[in-house]
Amino acid sequence: MLKLINLSKSFTEADQKTFIFENINLDLKTNAPIIILGSSGSGKTTLLNIISGIDQADSGEVIIAGTTLDKHHNQNQNTLFRKENLGFVFQFYNLIPTLNVEDNILLPLELNHKNTSENKNYVINLLDRVGLKHRLKSFPDMLSGGEQQRISLVRALGHKPKVLIADEPTGNLDKANSEKINKLMRELCQLNTTQLNTVQLIMATHNPDLIENGDIVLEINNKNIIVSNAE
Amino acid sequence: MILIKSSCRYFTKHYLQTVLALIGILLGVSIVVAIDLCIVSSQKAFKTSLEQSFGKTTHYLSASGNDISQEIYTKIKKEKQIDQATPVIEKNILIKTNDWVRIKLLGLDPFSYQGFKTTSDKGLDELSQASLKDFLLCDNCGYISSKTAKKLNIQKHQELVFQHESSYKKIRILDIIDDDKLDNLILVDISTAQKLLDQPNTISRIDLIIKDPNELGELVSGDLELVESLKNKKSTQKMLSSFNLNLYSLSFLSLIVAVFLIYNTMSFSIVQRQTIFGIFRTLGLSSREIFGLVIKETLILSVIASVIGIALGYGLAQILIKFISQTINDLYFVVEISEVKLEIFTILKGLVAGILSALLGACLPAYQASLSPAIQHTKRSSQEREFDNYLKHLWKISIASISLGFIILGFSEDYLIINFMALALILVGVAILVPNCIKIISSGFDRVLVSKLSPINKIGIRSIFRNLSRTAITITALSMALSIALALDITVGSFRKTVIDWLSATLQSDIYISAPSLSANKTTGNLSEELQQEIYKNPIIQKSSQNIISYRNNWVKSNLGELMIASIDFNERIEKSFEFKEKSSNWTSDFTENDSIIISEPLAFRFKLKTGDSINLKTRYGFKQFRVAGIFYDYGNEQGIIMIHNKKYKKLWMDKKISSLGIMLKPNLDKDLTIGSIKQELAQLNTVHNFNYRSNSDLKQETLRIFDRTFQITKALKIITILIAFISIISTLLAMNIEKKKEYAILEALGTTRKNLAQITLAQSLSIGFLSAIFSLPLGLLQAVLLINVINYRSFGWTLRFHQDYSIFIQILVIAILASLIAG
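Residues numbered from 1 in each chain as written. Chains lettered and ligands numbered in written order. Predicted model: local features only at pLDDT ≥ 70, side-chain atom pairs only at ≥ 80, totals over all residues.

1. Topic: helix H24 (residues 671–686) of chain B
All names here are of chain B.
Okay, so step 1: Spanning 16 residues, H24 covers 22 Å between terminal C-alpha atoms, matching the ideal 22 Å at 1.5 Å per step.
Okay, so step 2: By the burial criterion, the buried members of H24 are Thr674, Ile675, Ile678 and Leu682. For H24, the buried positions fall inside an angular range of 95° around the axis, keeping them on one side. Residues of H24 that are exposed and point more than 90 degrees away from the buried face comprise Asp672, Leu673, Gly676, Gln680, Ala683 and Gln684. (Helix = DSSP H or I, 4+ residues; strand = E, 2+ residues; numbered from the N terminus. Expected span 1.5 Å × (residues − 1). Buried ≥ 20, exposed ≤ 12 C-beta atoms within 10 Å, placed from the backbone. Arc of directions from axis to C-beta.)

Structure, rendered in structure tokens:
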């Protein structure tokens, strides 16, 4: 479920203000995966950053996971919101190089003060599910790109967030690995959904191959947003 | 915990960088701890010495440093019926071992002393029970503590040779007692002491336990005075306070340089981990938590470094204590520091100094880290833009800091510690101008010099200006360290030159003869009358001398406390030897004929006296007012001295003793030859009477030797400060090279050889060294001016003439270039 109300974002270059999108509105009452599609520079990462509270819009509101993110919501509140409700997967994996796999995946639990043995087991099971339990003590620089992305997927879902934000999660992977990650991402979201939460996937990508039936596709076009259902 | 794990892994992965930061803090801490240990140990030794002397004593009766008649004691006991009184003889003697060792001869009366014993006087208890008979009856026998026995390498029943004033004597060690309170003294019965010191009917003082000072009534008259024992302790300790404060301040200067090193290391570690912090922020870590994380890292590092620093400081103290105790002996009082003990308070001080300085250095980097945006990769260029913004504010902070420093200096004349704080404010204020100055000169430097260099050298030097956020701090740290070295060199050099000029003007006699002294700058002993006669009658001396000037030094009571007075024979040459800060127009006639005295500059400073003011001095006839006819420059001692005409002194104090003699040779003599033959005569006399004799040049040399010895500790601290700055350069170059790994890889791919890459690093380090040396010059000169004219004057009251030896500037440049070359 995602609602955007009169959302605008611009950037200024050489005193020239350029809108990426202006007064866009959206009201999605479904938990189906949302795919933000577009080529490089179209503004999909900016939209994703605003939706997740990393960046702030010039004006307007975002309602996500039952929380309103607007100008009155300060950076610290956004941080707190992200910590509890969102999981992130990035193009460049962004695992902490100074932590091994185990510490990387347990980090969100610790930040949320949820590092009970039950939760830890849950995370280790997720790791098992992505086929990397044997790499528990390895450091990120010893893993392949596909492995790193699978670890980052486990890290993103370990604390049972309401939304999984994925920014070009396959942008750095080959075709086979891309498909594998896309499949796992959806599977794990589904797994979470059936067990405890409703995890909604919001993914920004330039790759239309990642779209599956039932996904909601958003495209930024001429400062506006176009919504379509994938069939 | 996971966050701390991540930090630990970062710091262990970049171990070299971490080790350098640790060394920076631990060196700073070790100096602070070492200096503190030395000061605490010297104070403790002084306290023990006072306890040995006074015990439970509330007051003592003495005669301003002179001995008093034994009859007074009998009167106190019999006429005044005061039970709690005991006679004491206390004299400093020199013991002949491999070298001459200063020690105290303490003569007590074991019977009357009973009531004065403190609970810790175990040695004296043993004495009273086991061997009192021996103690009383054995001829020339005494006791020493086991530690002293070890120090003097002497066994029970062995004999020791000691020297007191002009004579040598022997003493036998009756027993060795295990009591720390007897350290550095020989305990003898009072009659033994009288015999050994040739003073059959006199004692040094009478210790008393009395409630009312009036109990003694009319006995306290003439030159006798009743002194509160605690007051003595306080006044002597006060004497040392400026000296101690100056030492502490020097040690903290090294710590300031270490702060820059910490800043460098932490800010580098933060730039390197910007991405990690970005991920942390994305995952939900608040800016406050990031700030806390960096602070925790700093705390862990600083605790490790401080603990090692404390251990190192303890070792360093064992070396520095020799310099410090020598200086205290030379300048203040005789104290023998037997050991340096690590006290819990010193450990705490070291920990606090290390942790606080590290936190101070890490504050800004921690704040920068807390501002890390979520997941956005911060580019090095944006880091530089941010630093550029800081620089704009740095101007304001710098000017505010300098202004505040000068304002405080203007209003805090009486509080030395506040003066030091003001100096630190000015110093830091000027130092933080350096980054802005580098920025200003960078474009000119580039146009004039860099643009003409080869591309490889261009890369090296331009990287200094393009990475100001990193290099500016290093250049500032190195400039600070070099400026401290420069300022100390100029200050000590100015002081030395002033003393040399002063000695040349003051020492008018060609040969000086003085009583042996335990303290290098105070001759209060006496030359025996026999010796005086023999000197005056010696045909060679008679034939070659134009004048023999006599001097007498003594302590006198005054309305300002106990002061040192020196009486002097006055003639035209002596008159010319004084250089005055201020004087009355007819000071010569006032000094010779009227009740006028002249006083030294430190004394005038201590009591805020001016020409025309008066001092009441206690003479044999009671208190008498003397007018100050002039204030002369004197660098002999920081407590100050009163000069009085010999004629007046002898009359008013009825003291005919002589402390030293100065022989002025007739003109037209072959000075070297005459001095040589007089020295031969004096050497013969010295086999019978013990005294010191030195030619004018010997005395100058000896004074300068003591002077140089005093400032040896300054040299040691200077070297350590430069060492910390040197580590700072290595740390920065390392940081820059790690950051530029990718850039270097591209250069290598393009065909740049390893030699070229080394050339880049060398160009970087040489630029750092050169710029630091340039900035250190004005910074050092400013510090030197403030140290000479403000801190030194307000600490000791000495006017020093600013003297700069231009070779110091070249030295600084060479040190900077060498340090940067080695680091590069």
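2. Points about the confidence of the model for chain B
Okay, so step 1: Of the residues in chain B, 87% have a pLDDT of 70 or more, and the chain-wide mean is 79.
Okay, so step 2: The ipTM assigned to the predicted complex is 0.74, against a pTM of 0.66. (pLDDT = per-residue confidence, 0-100.)

3. Regarding the pairing of strand S16 (residues 596–600) of chain B
Every regular strand shows the same layout, with side chains that alternate between the two sheet faces.
Residues and elements named next belong to chain B.
Okay, so step 1: Burial within S16 is extensive, with five of its five residues counted as buried.
Okay, so step 2: By the alternation rule, side chains of S16 split into Ser596, Ile598 and Ser600 and Ile597 and Ile599, which are all buried.
Okay, so step 3: Examined bridge by bridge, S16 and strand S18 (residues 622–632) share five bridges and lie parallel to one another. Residue Ser600 lies in a different strand from S18, and its bridge partner there is Phe632. (Pairing = 2+ DSSP bridges.)

4. A short note on the sheet that holds strand S2 (residues 16–28) of chain A
Residues and elements named next belong to chain A.
Okay, so step 1: Spatially, the four strands line up as an open sheet ordered S2-S1-S4-S5, and their pairing is antiparallel. The strands lining the two open edges of the sheet, one partner per strand, are S2 and strand S5 (67–69). Ignoring strand direction, the axes of neighbouring strands in this sheet form an average angle of 25°.
Okay, so step 2: Two elements, strand S1 (residues 2–13) and S2, share nine bridges in a ladder whose sense is antiparallel. Across the sheet, Leu7 pairs through a bridge with Ile24, a residue of S2. (Axes fitted to C-alpha atoms, helices over the stretch in contact; angles between N-to-C directions.)

5. Some thoughts on unusual backbone geometry
Residues and elements named next belong to chain A.
Okay, so step 1: Even without being glycine, Tyr93 reaches a positive phi, approximately 60°.
Okay, so step 2: With 23 C-beta atoms counted inside 10 Å, the residue Tyr93 sits in the buried group.
Okay, so step 3: The backbone of Asn94 shows a phi angle near 50°, a positive value even though the residue is not glycine.
Okay, so step 4: By the secondary structure assignment, Asn94 is in the loop between strand S6 (86–89) and helix H3 (101–111).

6. Overview of the sheet that holds S6(A)
Residues and elements named next belong to chain A.
Okay, so step 1: Overall, mixed pairing links the six strands, which are arranged S6-S7-S8-S3-S9-S10 in an open sheet. With partners counted over all chains shown, the strands left at the sheet margins are S6 and strand S10 (224–229), one partner each. Adjacent strand axes in the sheet meet at a mean angle of 20°, parallel and antiparallel pairs treated alike.
Okay, so step 2: The pairing of strand S3 (residues 34–37) with strand S8 (residues 200–205) spans four bridges and is classified as parallel. Looking at the pairing, Leu37 lines up with Thr205 of S8.
Okay, so step 3: Helix-sheet contacts for helix H5 (residues 145–157) involve S6 and strand S7 (163–167), and the interaxial angle to S6 is about 170°. (Contact = placed C-beta atoms within 7 Å.)

7. Section: the packing of helix H17 (residues 468–506) of chain B against helix H28 (residues 754–796) of chain B
Each pair of packed helices can be described by the angle between their axes along with the distance between the axes.
Residues and elements named next belong to chain B.
Okay, so step 1: Two elements in contact, H17 and H28, have axes separated by 6 Å at closest approach and are oriented at 45°. Judged by the inter-axis angle, H17 sits oblique to H28. The two elements H17 and H28 meet at a crossing, and its hand is right-handed.
Okay, so step 2: Each residue belonging to the contact of H17 with H28 can be placed in one class, and the counts come to 15 nonpolar, 11 polar and no charged. (Parallel < 35°, antiparallel > 145°, perpendicular 65-115°, else oblique. Left-handed = near helix turned anticlockwise from the far one by under 90°. Nonpolar A, V, L, I, M, F, W, Y, C, P; charged D, E, K, R; others polar.)

8. Observations concerning the interface of chain A and chain B
Okay, so step 1: Contact residues are listed per partner, giving 18 residues for chain A and 16 residues for chain B.
Okay, so step 2: Among the secondary structure elements, those contributing two or more residues to the side of chain A that touches chain B are helix H2 (75–85) and H3 of chain A.
Okay, so step 3: When residues in the side of chain A that touches chain B are grouped by element, the largest group, six residues, is from H3(A).
Okay, so step 4: Among the residues forming the side of chain A that touches chain B, the class breakdown is 10 nonpolar, four polar and four charged.

9. Here's the deal with the environment of Leu293(B)
Residue and element names in this part refer to chain B.
Okay, so step 1: For Leu293, the position within the fold is in helix H11 (residues 287–331).
Okay, so step 2: Looking at Leu293, the number of C-beta atoms within 10 Å reads 21, which means it is buried.
Okay, so step 3: Considered as a pair, Leu293 and Ile4 are 289 residues apart in the sequence and their alpha carbons are 7.4 Å apart.
Okay, so step 4: Excluding residues within four positions of it along the chain, Leu293 makes contact with Leu3 and Ser7.

10. Describing helix H1 (residues 2–13) of chain B
Residue and element names in this part refer to chain B.
Okay, so step 1: Spanning 12 residues, H1 covers 16 Å between terminal C-alpha atoms, matching the ideal 16 Å at 1.5 Å per step.
Okay, so step 2: Those residues of H1 that fall on the buried side of the exposure criterion are Leu3, Ser6, Ser7, Tyr10 and Phe11. Around the axis of H1, the buried residues are gathered within 130° of arc, so they sit on the same side. Exposed and facing more than 90 degrees away from the buried side of H1 are Ile4, Thr12 and Lys13.

11. Describing the environment of Leu757(B)
Residues and elements named next belong to chain B.
Okay, so step 1: Within the element layout of this structure, Leu757 appears in helix H28.
Okay, so step 2: You can call Leu757 partly exposed: it has 18 C-beta atoms within 10 Å.
Okay, so step 3: As a C-alpha pair, Leu757 and Asn737 span 20 residues in sequence and 9.9 Å in three-dimensional space.

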